[in-house]
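Overview (structure and organization)
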Amino acid sequence: MTDVVMPQMGESIVEGTLTKWLKKAGDHVERDEPLFEISTDKVDTEIPSPAAGTLSEVLVEEGKTVGINTVVARIDDTGGNGARPAAGAKPAAGATPPAPAKSEAAAPPPAQPQADGGQELSVAPGKGEPDVVSSPPPAPEQPEPAEQAEAAGPLSPLVRKMARENNIDLSRVRGTGAGGRITKQDVELFLSQQQAAPRQPAAPPQAPAKPAAAAPEAPSAPVQTPPAYAPPAAASQAKVRVEPMSAMRLKIAEHMVMSKRTSAHVTTIHKVDMTKVARVRERQKTDFQTRYGISLTYLPFVVRSAVEGLRTFPLLNASIEGNNIIYHNEINIGIAVALENGLIVPVIRNADEKNVLGLQRAIVDLAARARSRQLKPDEVQGGTFSITNFGSFGSVVATPVINQPQVAILGVGAVEKMPVVIDDAIAIRSICYLSLTFDHRLIDGALADQFTAKVKSVLENWSEEVL
Amino acid sequence: MRNCSWRDLGRMDYAEAFDLQSSLVDQRKRGEIPDQFLFVEHPHTITLGRNGHMENLLAHEDVLRRAGVAFHPSDRGGDITYHGPGQIVGYPIIDLREWKRDVVAYVRSIEQVAIDALADFGISAGRLQGMTGVWVDGAKIAAIGVHISRWITSHGFALNVATDLSYFQYIVPCGLAKPVTSMAALGNIARREHVIERLVFHFGRVFDCEMAELGAVAV
């Protein structure tokens, strides 16, 4: 007699469910012939017979779960080829070390060091260099003179504003209001006295701190070291206010001028009938909002269509390096995001792998993090094409500046209902103007228009599901 | 290092793929071929595991036939599932005796391969305690069902890339009242070959074998 046992199918397995007998009691089985099946955690396993002979006893019925090494059947092998060692079905448990099925998880992207002083990210990368500008030490803004005037009691917002605008040290102003409070009249009086008397300029403007990283990567850019302004003449004090540019502002300024100097900018404008997209959006925006918690805008449709255009015309997704054309195999689309005092162009990587939902999510996420200054440096690098959505501010047509080292940028105007002539009849359609600014060094007008026509055609014949 | 041949068979009927697997399992048992990793895409098919429950099939077979969905009982583990266009079905045929004699570790590792591949597309997938498969926010993105015969594996997993999820309405997937999802439903339109490339890469890493692509020749 050979005992047939419930085999152990793995380190952590203590029991198994016998799901099916492949032989009935009384049947003859060959050694290694499948005898029964067990099931553990989505795995069905055929168990071969440990011996040849007659299945004399079936001890565990189908559907029962029993511990490992429980005898489930007996095989009478006396009539067969003589006695055989039992328990052949027990697949040598523990033959292999328990080596956990853990995989060395792919190294997670290195956590971005978030510099203490708060980082500012530049508008666009120059040649893939790390483009983080650590801002000058905690922006010593004009010291708030108002704050120093504690003795003078609470200050009205108007007085604070006047003090700030005129650069007045309020501790020097005599308050005549209730409890010695400084009033508007006190400030005006102080100002007139100041202008009468020759005075040294109060708090000379901060010499603009040159951003540490500004110089090295700008290829040819003679970085405008901001001219050290001479302290303005006292008389002009009230007519202008001098303030150093922020590191971001300097970077934008430098980048824009560099781009205009580098590329031969030409802009072509196509009129696009967005009615079909508008209908899809109208139909699905409520569901979209409920399902994904974000609203559905026109922008992801435009990005999706631009991706199709870039696939068809890869030259628009290229850049120039010396006398070479660099074709990028990835389509990484920069989306211009307006900030309070600047703009930044975070990049949707592999935009060709995202549908409208994926693009809308990426746009919302990147824009939110751009505004809260939480973008990682590599999220503003590596763009191969850019899109700017000035339509969201009501602009109908604009001529954007190319985001170097890219060779084209697509501007999206506001979508507005307009009367248009279709088949000699007047119809109301949702119209949007797309402006493509391209670098004429690399792209000729015909290609630029073919590209824009492709984008237009995808939008006008929109066919993709959104939900 | 062990070798594993992989290939993408493209669109293939469930029955045809089943026969191919059986033949490869036999050859693998006899040691005639190295481990195999097959990729296929099935036409609309609903399959029921050996221990599946017919009540999880919600539509009558006539309804399925009219909808152009084939129905196959199968000898894999697990309950009922749907296969169809836009889904990557992976069938590893490997000899666990040369890796680990542990079917649970095997299933966990298959999950890991899918989880790691999805991570390469920015999708953060994971496991749900006690529920085999790969999940994203409580929805199943990859189903697993395995058959083992003398430590040789067959069947495997089905990863929803751009699957039309509406076909899951005909069943209670895997017998669980849980939603299903796909890479597309999560906003990703990765190309099939790109996903396969990542699956192959992570399979080689997790199972510690050398992956070699085999031309799609009949075996």
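Residues numbered from 1 in each chain as written. Chains lettered and ligands numbered in written order. Predicted model: local features only at pLDDT ≥ 70, side-chain atom pairs only at ≥ 80, totals over all residues.

It is worth spelling out the overall build of chain B at this point. Within chain B one finds four helices and 11 strands. Residue burial in chain B is summarised as follows: out of 219 residues, 54% are buried. Partitioning the intrachain contacts of chain B with sequence separation of at least 6 by distance along the chain shows that 77% fall at a separation of at least 24. (Helix = DSSP H or I, 4+ residues; strand = E, 2+ residues; numbered from the N terminus. Buried ≥ 20, exposed ≤ 12 C-beta atoms within 10 Å, placed from the backbone. Contact = placed C-beta atoms within 7 Å.)

Attention now goes to the overall build of chain A. In terms of regular secondary structure, chain A is built from nine helices and 21 strands. The contacts of chain A with a sequence gap of at least 6 include a subset with a gap of at least 24, amounting to 65%.

This brings us to helix 9 (residues 445-460) of chain A. Residue and element names in this part refer to chain A. With 16 residues, helix 9 should reach 22 Å at 1.5 Å per residue; the first-to-last C-alpha distance of 22 Å fits that figure. Of all the residues in helix 9, the buried ones are Ala-448, Phe-451, Thr-452, Val-455, Lys-456, Val-458 and Leu-459. Buried positions in helix 9, seen along its axis, are confined to an arc of 165 degrees and lie on one side of it. Packed against the buried residues of helix 9 are strand 11 (265-273), helix 6 (275-292), helix 7 (299-312) and strand 21 (425-439). (Expected span 1.5 Å × (residues − 1). Arc of directions from axis to C-beta.)

What follows concerns the pairing of strand 5 (residues 43-48) of chain A. Two faces belong to every sheet, and in a regular strand the side chains alternate between them. Residue and element names in this part refer to chain A. When you tally the buried positions in strand 5, you get five out of six residues, the bulk of the element. When strand 4 (residues 34-40) meets strand 5, the two strands line up antiparallel, connected through six bridges. From the neighbouring strand, Ile-38 faces strand 5, where its bridge partner is Thr-45. The turn joining strand 4 and strand 5, which pair antiparallel and follow one another in sequence, is formed by two residues; a positive phi near 45 degrees is taken by Asp-41. (Pairing = 2+ DSSP bridges.)

This paragraph deals with the sheet that holds strand 4 (residues 70-73) of chain B. Residue and element names in this part refer to chain B. With mixed pairing, the three strands of this open sheet are ordered in space as 4-3-5. On the outer flanks of this sheet lie strand 4 and strand 5 (80-83), each paired with one strand and no other. If you compare each strand with its neighbour and ignore which way they point, the axes differ by 20 degrees on average. Note: strand 3 (residues 45-48) against strand 5, four bridges, orientation antiparallel. Residue pairing across strands places Leu-48 opposite Ile-80, the latter belonging to strand 5. Contacts from helix 1 (residues 14-29) reach strand 3, strand 4 and strand 5, with the element oriented near 30 degrees to strand 4. (Axes fitted to C-alpha atoms, helices over the stretch in contact; angles between N-to-C directions.)

Moving on: the interface of chain A and chain B. Contacts between chain A and chain B engage 30 residues on the former and 35 residues on the latter. Elements supplying a minimum of two residues to the side of chain A that touches chain B: strand 2 (15-21), strand 4, strand 5 and helix 8 (356-371) of chain A. Among the elements that take part in the side of chain A that touches chain B, strand 5 of chain A stands out by supplying five residues, more than any other. Of the residues that constitute the side of chain A that touches chain B, the class distribution is 10 nonpolar, 10 polar and 10 charged. Here strand 5 of chain A pairs with strand 9 (residues 139-149) of chain B via four bridges, running parallel. Bridge assignment links Glu-46 of chain A to a residue of strand 9 of chain B, and that residue is Ser-149 of chain B. (Nonpolar A, V, L, I, M, F, W, Y, C, P; charged D, E, K, R; others polar.)

Residues and elements named next belong to chain A. Taking 1.5 Å of rise per residue, 16 residues should cover 22 Å, and helix 5 (residues 247-262) covers 22 Å from first to last C-alpha, within 8% of that figure. For helix 5, every residue scored as buried is listed here: Ala-247, Met-248, Leu-250, Lys-251, Glu-254, His-255 and Ser-259. All buried residues of helix 5 project into a common sector of 160 degrees when viewed along the axis, lining one side.

Counting residues in each nonpolar core, the largest one holds 61 residues, and the members touching the most others are Ala-114, Ala-142, Phe-157, Leu-159 and Val-161 of chain B. For this core, the element with the most residues is helix 3 (residues 103-119) of chain B, which contributes 10 residues. Beyond its immediate sequence surroundings of up to four residues, Ala-114 of chain B is in contact with Ala-125, Val-134, Ala-142, Phe-157 and Leu-159 of chain B. In this structure, Val-303, Leu-357, Ile-409 and Cys-432 of chain A belong to the second largest nonpolar core, which totals 55 residues. (Core = buried A, V, L, I, M, F, W, Y, C linked by C-beta atoms within 7 Å.)

Here we come to the packing of helix 7 of chain A against helix 9 of chain A. All names here are of chain A. Here helix 7 crosses helix 9 at 135 degrees, and the two axes come no closer than 8 Å. Taken as axis vectors, helix 7 and helix 9 run oblique relative to one another. Here the hand of the crossing between helix 7 and helix 9 comes out right-handed. Contacts between helix 7 and helix 9 involve Phe-301, Val-302, Ser-305, Ala-306, Glu-308, Gly-309 and Thr-312 from the first element and Phe-451, Lys-454, Val-455, Val-458 and Leu-459 from the second. Of the residues that constitute the contact of helix 7 with helix 9, the class distribution is seven nonpolar, three polar and two charged. (Parallel < 35°, antiparallel > 145°, perpendicular 65-115°, else oblique. Left-handed = near helix turned anticlockwise from the far one by under 90°.)

The subject of this paragraph is the environment of Thr-65 of chain A. Residue and element names in this part refer to chain A. Locating Thr-65 in the fold gives a position in strand 7 (residues 65-67). Classification of Thr-65 as partly exposed rests on a count of 15 C-beta atoms within 10 Å. Between the C-alpha atoms of Thr-65 and Glu-15, which are 50 residues apart in sequence, the distance is 6.7 Å. Discounting chain neighbours no more than four positions away, the residues touching Thr-65 are Glu-15, Gly-16 and Thr-17.

With that settled, the discussion passes to the confidence of the model for chain A. With 74% of its residues at a pLDDT of at least 70, chain A reaches an overall mean of 78. Across residues 199-224 of chain A the pLDDT falls below 50, and counting only partners more than four positions away or on other chains, this stretch makes 50 contacts in the model. (pLDDT = per-residue confidence, 0-100.)

Going from Gln-404 of chain A to Pro-405 of chain A, the amide bond is cis rather than trans, its omega being 0 degrees. Along the chain, the position of Pro-405 of chain A falls in the loop between strand 18 (385-388) and strand 19 (408-412). Positive phi values are uncommon outside glycine, yet Asp-137 of chain B reaches one of about 50 degrees. Examined against the element boundaries, Asp-137 of chain B turns out to sit in the loop between strand 8 (131-136) and strand 9.

Here we come to the sheet that holds strand 1 (residues 2-5) of chain A. Residues and elements named next belong to chain A. With antiparallel pairing, four strands are arranged side by side in an open sheet as 1-8-6-3. The open sheet is flanked by strand 1 and strand 3 (28-29), the only strands paired with a single partner. As paired elements, strand 6 (residues 53-58) and strand 8 (residues 71-76) share four bridges and run antiparallel to each other. Pairing of Leu-55 across the sheet is with Ile-75, part of strand 8.

Residue and element names in this part refer to chain A. You can see Ala-25 is positioned in the loop between strand 2 and strand 3. Sequence-wise, Ala-25 and Val-58 are 33 residues apart; in three dimensions their C-alpha atoms are separated by 6.1 Å. Among residues more than four places away in sequence, those in contact with Ala-25 are Leu-55, Ser-56, Glu-57 and Val-58.

Relative to the assigned elements, Met-183 of chain B resides in the loop between strand 10 (152-160) and helix 4 (192-206). Setting aside anything within four residues of it in sequence, one finds Met-183 of chain B in contact with Phe-121, Ile-123, Asn-160, Val-161, Ala-162, Asn-188 and Ala-190 of chain B.

Turning to the packing of helix 3 of chain B against helix 4 of chain B, a few remarks are in order. Residues and elements named next belong to chain B. As a packed pair, helix 3 and helix 4 sit with axes 8 Å apart at the nearest point and diverge in direction by 135 degrees. Comparing the axis directions of helix 3 and helix 4 gives the class oblique. Like other packed secondary-structure pairs, helix 3 and helix 4 cross with a definite hand, here right-handed. Taken together, the residues of helix 4 that come into contact with helix 3 (itself represented by Ser-109, Gln-112, Val-113, Asp-116 and Ala-117) are Val-195, Arg-198, Leu-199, His-202, Phe-203 and Val-206. Here the residues of the contact of helix 3 with helix 4 sort into six nonpolar, three polar and two charged.

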